Amino acid sequence: METMRAVVLRQVTEGKDIVLSEIPVPRVYPGWVLVKVKAFGMNHSEQILRLSEINASYIQKPIIPGIECVGEIIDPSDSDLPIGQKVFALMGGMGRSFNGSYAEYALLPRRNVFTVDSDLPWEALGAIPETYFTAWGSLFECLHLTEEDTLLIRGATCALGYASLQIAKALGSKVIATTHRENKLSFISEADETLIDDGKLTGKVHGVTKALDLIGPRNLKDTLTAMETGGIVCQTGILGGVYALNGFDPIKDIPNGVYLTGFYSNYPSQKTIDDILSFINTKNLIPTYGKVFDFVNIRDAIIAQDERKINGKIVVKVE
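Since we're looking at a predicted model, the values are computed, not measured. (Residues numbered from 1 in each chain as written. Predicted model: local features only at pLDDT ≥ 70, side-chain atom pairs only at ≥ 80, totals over all residues. Heavy atoms only, no water.)

Caption draft 1: Just the overall build of the protein chain, in detail. Helix and strand content of the protein chain: eight helices and 15 strands. For the protein chain, the spread of C-alpha atoms along the principal axes amounts to about 60 × 40 × 35 Å. Going through the 319 residues of the protein chain one by one, you find that 55% of them count as buried. Partitioning the intrachain contacts of the protein chain with sequence separation of at least 6 by distance along the chain shows that 70% fall at a separation of at least 24. Summed over its atoms, the accessible surface of the protein chain is roughly 14,100 Å², and 49% of this surface lies on carbon and sulfur atoms. Here the protein chain contributes 31 positive and 38 negative side-chain charges, whose respective centroids are spaced 5 Å apart. (Helix = DSSP H or I, 4+ residues; strand = E, 2+ residues; numbered from the N terminus. Buried < 20%, exposed > 50% of the residue type's maximum accessible area, 1.4 Å probe, protein only. Contact = heavy atoms within 4.5 Å. Areas by Shrake-Rupley, 256 points an atom, 1.4 Å probe, with all protein chains shown as cover. Lys, Arg positive; Asp, Glu negative; His and termini not counted. Charge placed at Lys NZ, Arg CZ, Asp CG, Glu CD.)

So this is what it looks like as structure tokens:
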């Protein structure tokens, strides 16, 4: 266990240029634990890092990407975690401020690591941490979703959209789900209503009390005007490729009686992880994912991500 395989980024890197490097297994020090990575999910956030954000001065370089993983504690250092403890790890600078999960082992701050009590297989667990945490926080912390609500999910065919749809339906909410691609409508058929999103939903959807906008600033004004009075919009995703709204006027652009919030997923907690796993277990849910790749085929997984070949979350299993 002196060396490990990992994806190491130094510059903008397209999927076709991804290679596995052989590097030393990191040394443990106080406040940090060493995790044997068993699986990790791939995220849009990591794609942004690879294709552009890697040039930013605040990114540590070289960097191992990956903002989440599941695995087992192999060296607990001075922490309270026993060797062999099953864990999730996510966010808090993972894969940007310090090395992340695209590796066989990950050295992580104790504060980023959460114990897991679940018998789900590693690939299913690998689909949960960032995606379900973000869906959970968006739906319950920000939208206060209830079974009486009609929820609009804009951009529902991304991994976060699928997870949000699954959770909302398990709760008992009515769900309207959108996609901009007609050939993806079948993937959101669990929703009560599905429609093609051409950028203008105002007047086409009715009775919406809560909205999860995963497209982002590009269509946010339209989402706001599509709401019923008293409705809440949570803007969580930026799939539309527009990251800020210049000239946004909150007084004019947020309709009277409609509320706008956003979910920032950088601060997970053990309680939230426990709540998510309890909900999944109680509702007998199987975490949704699109395809599982073996770690040796990480290049193929990243190419598939870049080419949008997979419907749903890509999970990489590390043997």
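There is more to say, and it comes next.
Caption draft 2: Region of interest: the packing of aromatic side chains. In total, this model carries eight aromatic pairs according to the counting rule given. Taking the centre distance of 5.3 Å and the plane angle of 40 degrees together, the rings of Tyr29 and Trp32 count as tilted. By relative accessible area, Trp32 is classed as buried at 18%. An angle of 75 degrees between the planes, with centres 5.3 Å apart, marks the rings of Trp136 and Phe279 as edge-to-face. Taken together, the residues span a long stretch of sequence, with Trp136 in helix H3 (residues 129-142) and Phe279 in helix H7 (residues 270-282) at a distance of 143 residues. Given the relative accessible area of 15%, Trp136 is considered buried. Since its relative accessible area comes to 12%, Phe279 is described here as buried. Three or more aromatic residues joined by ring pairs make a cluster, and in this case those are Tyr29, Trp32 and Phe98. For the cation-ring pair, Lys36 lies above Tyr105, with the distance from its terminal atom to the ring centre recorded as 5.4 Å. (Phe/Tyr/Trp six-rings, centres within 6.5 Å; stacked < 30°, edge-to-face > 60°. Lys NZ or Arg CZ within 6 Å of the ring centre and 35° of its normal.)

Caption draft 3: Local environment of the nonpolar core. In terms of nonpolar packing, the biggest core is built from 46 residues, with Phe88, Ile128 and Leu151 touching the most fellow members. Among the elements of the structure, strand E5 (86-90), helix H2 (122-126), H3, strand E8 (150-154), helix H4 (159-171), strand E9 (174-179), strand E12 (232-235) and H7 are those that each provide at least two residues to this core. Sequence-distant contacts of Ile128, that is, excluding residues within four places in its chain, are made with Glu68, Phe88, Leu120, Phe133, Ile276, Leu277, Ile280 and Pro287. Of all hydrophobic cores here, the second largest spans 44 residues; its members include Val37, Val113, Phe295 and Ile310. (Core = buried A, V, L, I, M, F, W, Y, C linked by side-chain atoms within 4.5 Å.)

Caption draft 4: Molecular detail of the sheet that holds strand E10 (residues 193-196). Taken together, six strands build an open sheet; the order of strands is E10-E9-E8-E11-E12-E13 and the sheet is parallel. Each having just a single partner strand, E10 and strand E13 (259-262) make up the two edges of the open sheet. Neighbour-to-neighbour, the strand axes of this sheet turn through a mean angle of 20 degrees, independent of strand direction. Taken together, the five bridges between E8 and E9 define a ladder with parallel strand orientation. Bridge pairing in E9 links Leu151 to Val175. (Pairing = 2+ DSSP bridges. Axes fitted to C-alpha atoms, helices over the stretch in contact; angles between N-to-C directions.)

Caption draft 5: Structural view of helix H8 (residues 298-306). Turning to H8, its buried residues number three or more, namely Ile298, Ala301, Ile302, Ile303, Ala304 and Gln305. Looking one or two residues beyond H8, the residue adopting positive phi is Arg308, at roughly 55 degrees.

Caption draft 6: Spatial organisation of the environment of Asp192. Relative to the elements of secondary structure, Asp192 occurs in the loop between E9 and E10. Residues Asp192 and Ala163 lie 29 residues apart in sequence; the distance between their C-alpha atoms is 15 Å. Beyond its immediate stretch of four places on either side in the chain, Asp192 contacts Lys169, Ser173, Lys174 and Val175. Among the polar contacts listed, one links the side chain of Asp192 to the backbone nitrogen of Val175, at a separation of 2.8 Å. (Polar contact = N/O pair within 3.5 Å; in protein donor to acceptor, adjacent residues only side chain to side chain.)

Caption draft 7: Representation of H7. With 13 residues, H7 should cover 18 Å at 1.5 Å per step; its first-to-last C-alpha distance of 18 Å lies within 8% of that length. Considered for burial, the residues of H7 that qualify are Thr272, Ile273, Ile276, Leu277, Phe279 and Ile280. Buried residues of H7 fall within an arc of 155 degrees about the axis and therefore sit on the same side. Opposite the buried face of H7, by more than 90 degrees, sit the exposed residues Lys271, Asn281 and Thr282. (Expected span 1.5 Å × (residues − 1). Arc of directions from axis to C-beta.)

Caption draft 8: Focus on the layout of surface pockets. Considered as a void within the structure, the largest pocket measures approximately 1,600 Å³ in volume. Together, 48 residues line the largest pocket, and Asn43, His44, Ser45, Ile238 and Leu239 are the ones closest to its centre. Elements represented by at least two residues in the lining of the largest pocket include exactly helix H1 (44-51), H3, H4, E9 and H8. In terms of residues, the lining of the largest pocket owes the most to one element, H1, which gives four residues. Approximately 260 Å³ is the volume found for the second largest pocket. If you trace the second largest pocket, you find 14 residues lining it, with Asp117, Ser118, Asp119, Leu277 and Asn281 closest to the centre. (1 Å grid on protein atoms, 1.4 Å probe; cavity = no way out; pocket = protein on both sides within 12 Å on 5 of 7 lines; lining within 4 Å. Points joined across faces, edges and corners; volume = space filled by probe spheres on them.)

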